[in-house]
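As a plain string of letters, each chain reads:
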Amino acid sequence: MRNLLALIIMFLFSSTVFSQIPDSLYFSNAIKINFAQYKKESTLAFVTGDLERGQFLFDSLVQHRLIGTTFDNITLKKSSGARLKLSSVKQPLFLLTYASWCVPNQGEIPALNKLARKYGKDVKIIVLFWDRKDKMKKLARKFSSRITVCYAHEYYKTDTRTVAALKHTLGFPTSYFLDAERKIVNIRRCGVYTGLSKEQSQQALAANYKSFLDGLLTITVNKDISKEHIADSD
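Residues numbered from 1 in each chain as written. Predicted model: local features only at pLDDT ≥ 70, side-chain atom pairs only at ≥ 80, totals over all residues. Heavy atoms only, no water.

Novice: Would you mind going over the packing of aromatic side chains with me for this structure?
Specialist: One pass over the structure, following the stated rule, counts 10 aromatic pairs. Residues F27 and Y176 carry aromatic rings whose centres are separated by 6.0 Å and whose planes lie at 85 degrees to one another, so their mutual orientation is edge-to-face. Taken together, the residues F27 in helix α2 (residues 27–47) and Y176 in strand β6 (residues 174–178) connect sequence positions 149 residues apart. A relative accessible area of 1% places F27 in the buried class. Using a relative accessible area of 0% as the deciding quantity, one classes Y176 as buried. Aromatic pair F94 and F212: ring centres 5.7 Å apart, planes at 55 degrees, arrangement tilted. Linking F94 in strand β3 (residues 93–98) with F212 in helix α7 (residues 201–217), this pair joins segments that are 118 residues apart in sequence. An identical accessibility class is assigned to F94 and F212; each is buried. Joined through ring pairs, the aromatic side chains of F27, F71 and Y176 make up one cluster. R189 extends its terminal NZ or CZ atom over the ring of F58, reaching a point 3.9 Å from the ring centre. (Phe/Tyr/Trp six-rings, centres within 6.5 Å; stacked < 30°, edge-to-face > 60°. Helix = DSSP H or I, 4+ residues; strand = E, 2+ residues; numbered from the N terminus. Buried < 20%, exposed > 50% of the residue type's maximum accessible area, 1.4 Å probe, protein only. Lys NZ or Arg CZ within 6 Å of the ring centre and 35° of its normal.)

All we've got here are geometric facts, nothing functional implied.
Following this line, the structure appears as structure tokens:
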């Protein structure tokens, strides 16, 4: 009788614990739990000009607290007028966040477009702008048709959760690399600042393309990506 009672108590305890685990594994919950301390320390690093420390803090947050969590099943508004629920995407996902007033590094957009033309069938590429609808038409024209351009803004009540979890935490521009189950594999700052002149645009494109390709390699087993990455490293 005692053994039976113990089993029942253990089962109830286990059920309670495990029912709470999925919530704690969502990205929005993980960032909420860890962001206050990260913000405090990273702000201090920024104020003192310790950029190396700031990057270390970002990398530590990503590696030890965010990788492995499940990205929230948010619904995004497309520049075309339709909506996209992330759970409807059945392939690895590469999400980048931008804003119209934050000019992308030289070579970034051409690099993204080249990436989309080559691997758009293997990976869903989404560019999310923190802007209102009236800004989107002009911005969307700069991207390949294989890239889904979306937008979100504090002005729209339906975007409150998305803005709070992404924009007001890790900021922008930021790259999120998710597997087909929306598990976070990596989070990185967008692109590469090359400091190159317009005459050296091909070099800027190549540098940013390689950076994005490195990220794609973490979420897909496409052999062509692996071969291209190895060739670029030689």
